[in-house]
Amino acid sequence: MDSIGLIRDFLKDRLGVEPENVVPEAALADLGVDSLMMLELMFEFEDRFGIKLSSTLKSPRSVGEMVSLMDGLMASQAS
Amino acid sequence: MSQRRVAITGLGLVSPYGGDLADFFSRLAAGESAVRYLQTDDLPRPLSIPFVNCPAFDPDAALGRPLASMMDRFAQLGMAAAFDAWDDAGLPRQADGESRDNWGVAWGTALGGTLAYEKGYRELWQKGRERLSPLSVILGMNNAANAHISIQLGLGGVSMSHTVACASSSIAIGEAFRRVRSGEATIMVTGGSDVPQAYGVARAWEALRVMAPGDAETSPTACRPFAADRRGLVLGEGGAALILEDWDHAVARGARIHGELVGYASTCDHSHLVRPEAAGQIRALRLTLADAGLSPDDIDYINAHGTATAEGDPVEVAALKAVFGERAERLPVSATKSMHGHLLGAAGAIEAIATVLALREQLIPPTAHLDALDPACAGVDHVTVARRGQPLRAALSNSFAFGGSNAVLAFRAVAQ
């Protein structure tokens, strides 16, 4: 699964957010993702893709930023 | 400051029968048991016990998916019960201009988020995972239910949890009562919730040899308080909530008053962790009557702790006989645990609701399955079928916990 797919699945499962609303320009806060939910989302991401996020990572604010962050991390870990 | 009267303006619960409050009480009145046979798929050995659960409870429907996903089941049951009681009190969920800065929550739970921690152990030890979800802490913490209730209803006063085994929610209700009576809080949400089906918890209770056995056929009648053939208690999950309100505030807003909470006391046997002692219970009963300004002659119903254990039931009857003297023979007593089971930290709350409804409806719910009375439990008027027709002015609800903690609540009927 790609990054946006994982984010859509997660938000549907945890917050009941419809996948069509999970678009790159949507603000995560507007979708109901608070700091706790962000931690949980990061955890799910690490778990699913077997990678470790740096604890100093800056929290993304939009779905698009989240996708870029995830894609970047996966690319760097793969290389 | 002079003492305030304390009105009960909201009652709410997650009913094991699946219906609303009126349905819950009518089932109790009918002597209908909610106990069922529970068999789990736990490894290495499944649970196989009589149990009371709430199969119709749908956390997503009751709370909404985002809120429900931030809670362990004990907090979901508590939040749903609190919403139910709040709506029953006719209060808006969103603050409507009146300050709620001194409104608070006192919640009872014996186990808190044990189920959430147990899930964590399974992940680590059974599934071989190396780490846990960051939500585990906020799911598992014992004050999760009261914290969610304060947040959802915008309550700025005290928000606390009470963990006193089987007396947890009676003590929570009593402590909430004192805050309203003193004028410190205008409104308190109180009650309790628990989920004793955690595998390690249920197995631990089995090991104590106080759990009644039963299969698919016999489970509904497994809990038989005061009966000669009683075999022990039946655990259950649930959540139950009451809204306690400054009497003048309730009257001013035209709220329906279900009953009045008039007295509370708590004592400790200070002798043994699990063997109850009449002396501690007698002191709790007498202190509660004194706190309420009532005499034994004013009491028309006792909702007993009555768990159906071999040791507990006769000691409770002995305590009642000591306090009520010659009148004990005519004192109506019933143990509704025979039907809704023992909800541990929610037991006092669901029994407080049964007691308030008994006074409001002028109807005593029975002890179910009490066919042959144990002579050791004789000496009070055991109600075995629902009773109407005699005026019920005031009633007590008993909760006597492991650890020797005793709590008694006194309620007075209010003309409807």
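Worth saying up front: this structure is predicted, and the values here are computed from it rather than measured. (Residues numbered from 1 in each chain as written. Chains lettered and ligands numbered in written order. Predicted model: local features only at pLDDT ≥ 70, side-chain atom pairs only at ≥ 80, totals over all residues.)

In terms of helices and strands, chain B carries 14 helices and 15 strands. For a compact globule of 416 residues, the expected C-alpha radius of gyration is about 22 Å, and chain B comes in at 20 Å, within 12% of that figure. A burial count over chain B gives 56% of its 416 residues as buried. Sequence-distant contacts, at least 24 apart, represent 81% of the contacts inside chain B between residues at least 6 apart. (Helix = DSSP H or I, 4+ residues; strand = E, 2+ residues; numbered from the N terminus. Rg over C-alpha atoms; globule rule 2.2 N^0.38 Å. Buried ≥ 20, exposed ≤ 12 C-beta atoms within 10 Å, placed from the backbone. Contact = placed C-beta atoms within 7 Å.)

If you tally the helices and strands in chain A, you get three helices and zero strands. Helices and strands appear in chain A in the N-to-C order α-α-α. Dimensions along the principal axes, computed over C-alpha positions, put chain A at roughly 35 × 25 × 20 Å. By the burial criterion, 19% of the 79 residues in chain A qualify as buried. Restricting to contacts in chain A with at least 6 residues of sequence separation, those with at least 24 account for 56%.

Right, let's get into the domain arrangement of chain B. Residues and elements named next belong to chain B. Looking at the assigned domains, one finds that chain B contains domain 1 (6-259) and domain 2 (263-412). For domain 1 versus domain 2, the separation of C-alpha centres amounts to 21 Å. Across the contact, 58 residues belong to domain 1 and 59 residues belong to domain 2. When residues of the side of domain 1 that touches domain 2 are traced back to their parent elements, those giving at least two are strand S1 (6-14), helix H1 (21-29), helix H8 (168-181), strand S6 (187-194) and strand S7 (238-246). Among the elements that line the side of domain 1 that touches domain 2, the one with the most residues is H8, at eight residues. For the side of domain 1 that touches domain 2, the per-class residue count stands at 33 nonpolar, 18 polar and seven charged. (Domains from an automatic or database assignment. Nonpolar A, V, L, I, M, F, W, Y, C, P; charged D, E, K, R; others polar.)

Now for unusual backbone geometry. Residues and elements named next belong to chain B. Not every positive phi belongs to a glycine, and Arg-209 is a case in point at roughly 60°. With respect to the helices and strands, Arg-209 occurs in the loop between helix H9 (199-207) and S7. Overall, Arg-209 belongs to the exposed group, with 9 C-beta atoms counted inside 10 Å. At Leu-344, a position not held by glycine, the phi torsion is positive, near 50°. Secondary-structure assignment places Leu-344 in the loop between helix H13 (337-340) and helix H14 (347-361).

Moving on to the interface of chain B and chain A. Note: interface size is frequently given as the accessible area lost on complex formation between the parts. Tallying the contact residues gives seven residues for chain B and eight residues for chain A. Each residue belonging to the side of chain B that touches chain A can be placed in one class, and the counts come to four nonpolar, two polar and one charged.

This next bit is on the nonpolar core. Ala-85, Val-189, Leu-242, Leu-244, Ile-353, Ala-395 and Ala-410 of chain B are the most contacted members of the largest nonpolar core, which has 135 residues in total. No other element matches the 10 residues that H14 of chain B contributes to this core. Inspection of this core shows a minimum of three residues originating in each of domain 1 (6-259) and domain 2 (263-412) of chain B. The next biggest cluster of nonpolar side chains, apart from the first, holds 12 residues, and it includes Val-22, Met-37, Leu-41 and Val-63 of chain A. (Core = buried A, V, L, I, M, F, W, Y, C linked by C-beta atoms within 7 Å.)

As a further point, take the packing of helix H1 (residues 3-15) of chain A against helix H3 (residues 63-78) of chain A. All names here are of chain A. Running from N to C, H1 and H3 cross one another at 125°; their axes reach a closest spacing of 9 Å. Put simply, H1 runs oblique to H3. Crossing of H1 against H3: the hand is right-handed. Side by side, H1 and H3 meet where Ser-3, Ile-4 and Ile-7 of the first sit next to Val-63, Met-66, Val-67, Met-70 and Asp-71 of the second. Taken together, the residues that form the contact of H1 with H3 break down as six nonpolar, one polar and one charged. (Axes fitted to C-alpha atoms, helices over the stretch in contact; angles between N-to-C directions. Parallel < 35°, antiparallel > 145°, perpendicular 65-115°, else oblique. Left-handed = near helix turned anticlockwise from the far one by under 90°.)

For chain B, the mean per-residue pLDDT works out to 96, and 100% of the residues sit at or above 70. Interface confidence in the predicted complex, given as ipTM, is 0.81; pTM for the same model is 0.95. (pLDDT = per-residue confidence, 0-100.)

Okay, the sheet that holds strand S10 (residues 332-334) of chain B next. Note on sheets: strands pair through backbone hydrogen bonds, and any given pair is parallel or antiparallel. All names here are of chain B. Here 11 strands make up an open sheet; going across it, the order is S5-S4-S6-S7-S1-S8-S15-S14-S9-S10-S12 and the pairing mixed. Each end of this open sheet is capped by a strand with a single partner; those strands are strand S5 (159-162) and strand S12 (381-382). The sheet contact formed by S6 and S7 spans eight bridges and is antiparallel. When the sheet's bridge partners are listed, Gly-192 is paired in S7 with Ala-240. (Pairing = 2+ DSSP bridges.)

Another aspect to go through is the environment of Gly-12 of chain B. Secondary-structure assignment places Gly-12 of chain B in strand S1. Linking Gly-12 of chain B and Gly-191 of chain B, residues 179 residues apart in sequence, is a C-alpha distance of 9.3 Å.

It is worth spelling out the confidence of the model for chain A at this point. For chain A, per-residue confidence averages 88 on the pLDDT scale, and residues scoring 70 or more make up 99% of the total. Predicted confidence in chain A is weakest over H3 of chain A, with a mean pLDDT of 86, and strongest over H1 of chain A, with 91.

Okay, the packing of helix H4 (residues 73-88) of chain B against helix H7 (residues 144-153) of chain B next. Residue and element names in this part refer to chain B. For the pair H4 and H7, the least separation of the axes is 9 Å and the interaxial angle reads 40°. As judged from the angle between their axes, H4 and H7 are oblique. The interaxial crossing formed by H4 with H7 has right-handed handedness. Taking contact as the criterion, the partners of Phe-74, Ala-75, Gly-78, Met-79, Ala-82 and Trp-86 in H4 are, on H7, Ala-144, Ala-145, His-148, Ile-149, Gln-152 and Leu-153. Class assignment for the residues of the contact of H4 with H7 results in nine nonpolar, three polar and no charged.

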